[in-house]
Structures are given as structure tokens and as C-alpha cells.
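Summary of the model geometry
What follows is the residue order along each chain.
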Amino acid sequence: HFPEIDLWAANVLYLGKGQFLLSNSELSRFFHKPVDMTLKYGFIGALVIYLGLLAAQVRIPETIKSRLNFVFITVFTSVLMIINVLFKEFWGRARPSQITEFGGKADFTAAWQVTNQCQSNCAFTSGHAGIAACLALLAVFLPAKYRMPYLIFAVIFYAVASFMRMARGAHFLSDVTISGFVVLVVAMLVKDILRLRL
């Protein structure tokens, strides 16, 4: 409803001449590649091990099994299917660095507007923010007294990762916010479908 907020937030981080606050920052590159790939391959590696244990008919306690199912189904559905396939490949929203307001050639479009300003791996929504938000899912494996401190850490991590993407001109505020919202909604639905008790 308020697309101008996206332009305002991007403009705050814009330095001019096609450069954003962290366009050339090593820290932002660290979050863009090593951190992102560690999270992605971490989830993939854990899934492969889990499926291997199931195939080998290794007995896994039901409480752990249900929590693993919750995490893997949520990550697969939210990040892979909704964010990276449905949104990023079909919505066509150009990144901040690609629009005319910030030195590019594409037109700015609102978050939920399907367009053709980007052909592939587009801005809406943020895969990096989505996988960062999934880190919070691991709280289900912790004792109750440790969950809130861990969730605070996970939210801060998600916010920092999101800021890094925005400060490189790669995403709008709505891109990173909606990714977190997608993960949250999917997690709530999966929890109810699996009847997971925490």
C-alpha cells in the first residue's frame, strides 16, 4: 500500500553514481556468499544425513523426528518453493540498483505487482533474508529456557543479513520483510499440520 517507503529506504542507503552504502564492502560480500552458502548447505547437508538415517532405518526419537520434519518442510516450502521459485522467478521486480532512480534502466514497481522489469533471479523477494530467517526454526531443538535468547539472536541475525542486502542495492525493504513473513507463516501452518508440540 505504501511503495514509496521502499524508495525512501533505498534512497537513504544510496550514495550516488550507482553506488550504495555497502556496494564494495567486504562485510556485505561475506554475508552475500559465505554466510548464505553455509546456511544453505548446512540445511541441505542435514537433510541428506536425515534421509540417510531414515533409509538405513535408524531409530530416531519421535520428538526429534517431528521437529526435523517441521524444519525441513518449512525451509523447503518457504525458501525453495515460494521465495526462490514462485516469487523470484515469476514476479519480475527489478532490484534497487537496476532502476532509473538509482542509476539503472528498469522501472520501479511495487512489491506485489507482477511485472517484466527483471527476467531472472529478481528482487522480490529476498532469498538471503529468507534463509537467514530460517535460522530461527532451530529454536525447536532447544530447551524452553534457552529459546527466547536464541530467538533474539536469530532475529538480530535476520535483520543484519537483510540490511546487508539492502545496503548493496540488491533488495528493497519490502523484499526482505516479506521473506521473513513468508517463513513465519509457513512455519505456523506446518506446525499446525504436523500437530507439533513444543
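As the structure is a computational prediction, the values presented were derived from the model and not from experiment.

1. A few points about the overall build of the protein
- Broken down by element type, the protein carries 6 helices and 2 strands.
- When the helices and strands of the protein are listed from N to C terminus, the series reads α-β-β-α-α-α-α-α.
- Here the C-alpha atoms of the protein give a radius of gyration of 18 Å, agreeing with the 16 Å that 2.2 N^0.38 yields for 198 residues.
- If one aligns the C-alpha atoms of the protein with their principal axes, the spans along those axes are about 60 × 30 × 30 Å.
- Here the protein holds 198 residues, and the buried ones make up 44% of them.
- In the structure as shown, the protein presents an accessible area of about 11,100 Å², 68% of it carried by carbon and sulfur atoms.
- Here the protein carries 18 positive and 10 negative side-chain charges, and the mean point of each set is 11 Å from the other.

2. Quick notes on the state of the cysteines
- Scanning all chains against the criterion turns up 1 disulfide.
- Two residues, Cys-118 and Cys-122, share a disulfide whose sulfurs are 2.2 Å apart. Where Cys-118 bonds to Cys-122 through sulfur, the torsion about that S-S bond is close to -95°, and the disulfide is left-handed.
- Overall, Cys-118 belongs to the buried group, its relative accessible area being 11%.
- A relative accessible area of 0% means that Cys-122 is categorised as buried.

3. A closer look at a nonpolar patch on the surface
- Together, Ile-73, Phe-181, Leu-184, Val-185, Met-188, Leu-189, Ile-193 and Leu-194 give the surface a local cluster of nonpolar side chains, amounting to about 760 Å² of exposed area.
- Checked against the element boundaries, Met-188 lands in helix H6 (residues 173-194).

4. Topic: helix H5 (residues 144-166)
- An ideal rise of 1.5 Å per residue puts 33 Å on 23 residues; H5 measures up with 33 Å between its terminal C-alpha atoms.
- For H5, every residue scored as buried is listed here: Arg-147, Tyr-150, Ala-154, Phe-157, Tyr-158, Ala-161, Ser-162, Met-164, Arg-165 and Met-166.

5. Section: the packing of aromatic side chains
- Enumeration according to the criterion identifies 14 aromatic pairs in this entry.
- Ring geometry for Phe-30 against Phe-31: centres 6.2 Å apart, planes inclined by 90°, an arrangement best described as edge-to-face.
- For Phe-30, a relative accessible area of 43% gives the class partly exposed.
- Taken together, a centroid distance of 5.0 Å and an interplanar angle of 80° make the contact between Phe-87 and Trp-91 edge-to-face.
- When its relative accessible area of 6% is taken as the criterion, Phe-87 is described as buried.
- Exposure remark for Trp-91: the relative accessible area of 16% places this residue in the buried category.
- Within the aromatic cluster, the residues linked to one another by ring pairs are Phe-30, Phe-31, Tyr-150, Phe-153 and Phe-157.

6. So, the nonpolar core
- Grouped together as the largest cluster of nonpolar side chains are 50 residues, with contacts concentrated most on Phe-70, Val-71, Val-75, Cys-134, Leu-137 and Phe-157.
- Among the elements of the structure, helix H1 (4-12), helix H2 (26-55), helix H3 (62-90), helix H4 (127-133), H5 and H6 are those that each provide at least two residues to this core.
- Filtering out sequence-adjacent residues up to four positions away, Phe-157 remains in contact with Phe-31, Val-35, Leu-39, Ala-132 and Leu-135.

7. Some details on H1
- Along H1, the residues classified as buried are Asp-6, Ala-9 and Ala-10. Projected down its long axis, H1 shows its buried positions confined to an angular sector of 100°, all on one face. Facing away from the buried side of H1 by more than 90 degrees, the exposed set consists of Trp-8 and Val-12.
- Packing partners of the buried residues in H1 comprise strand E1 (14-16), strand E2 (19-20), H5 and H6.

8. Re the side chain of His-128
- Take His-128: it is sitting in helix H4.
- Within polar-contact distance, the side chain of His-128 engages the backbone oxygen of His-32 at 2.9 Å.
- Ignoring any residue separated from it by four or fewer positions in sequence, one finds His-128 in contact with Phe-31, His-32, Asp-36 and Arg-165.

What counts and how
- Residues numbered from 1 in each chain as written.
- Predicted model: local features only at pLDDT ≥ 70, side-chain atom pairs only at ≥ 80, totals over all residues.
- Heavy atoms only, no water.
- Helix = DSSP H or I, 4+ residues; strand = E, 2+ residues; numbered from the N terminus.
- Rg over C-alpha atoms; globule rule 2.2 N^0.38 Å.
- Buried < 20%, exposed > 50% of the residue type's maximum accessible area, 1.4 Å probe, protein only.
- Areas by Shrake-Rupley, 256 points an atom, 1.4 Å probe, with all protein chains shown as cover.
- Lys, Arg positive; Asp, Glu negative; His and termini not counted.
- Charge placed at Lys NZ, Arg CZ, Asp CG, Glu CD.
- Disulfide = S-S within 2.5 Å.
- Patch = residues over 30% accessible without salt bridge, like charges linked within 9 Å, V, L, I, M, F, W, Y side chains within 5 Å.
- Salt bridge = Lys/Arg side-chain N within 4 Å of Asp/Glu carboxyl O.
- Expected span 1.5 Å × (residues − 1).
- Phe/Tyr/Trp six-rings, centres within 6.5 Å; stacked < 30°, edge-to-face > 60°.
- Core = buried A, V, L, I, M, F, W, Y, C linked by side-chain atoms within 4.5 Å.
- Contact = heavy atoms within 4.5 Å.
- Arc of directions from axis to C-beta.
- Polar contact = N/O pair within 3.5 Å; in protein donor to acceptor, adjacent residues only side chain to side chain.

Remember, this is a structural readout, not a statement about activity or role.
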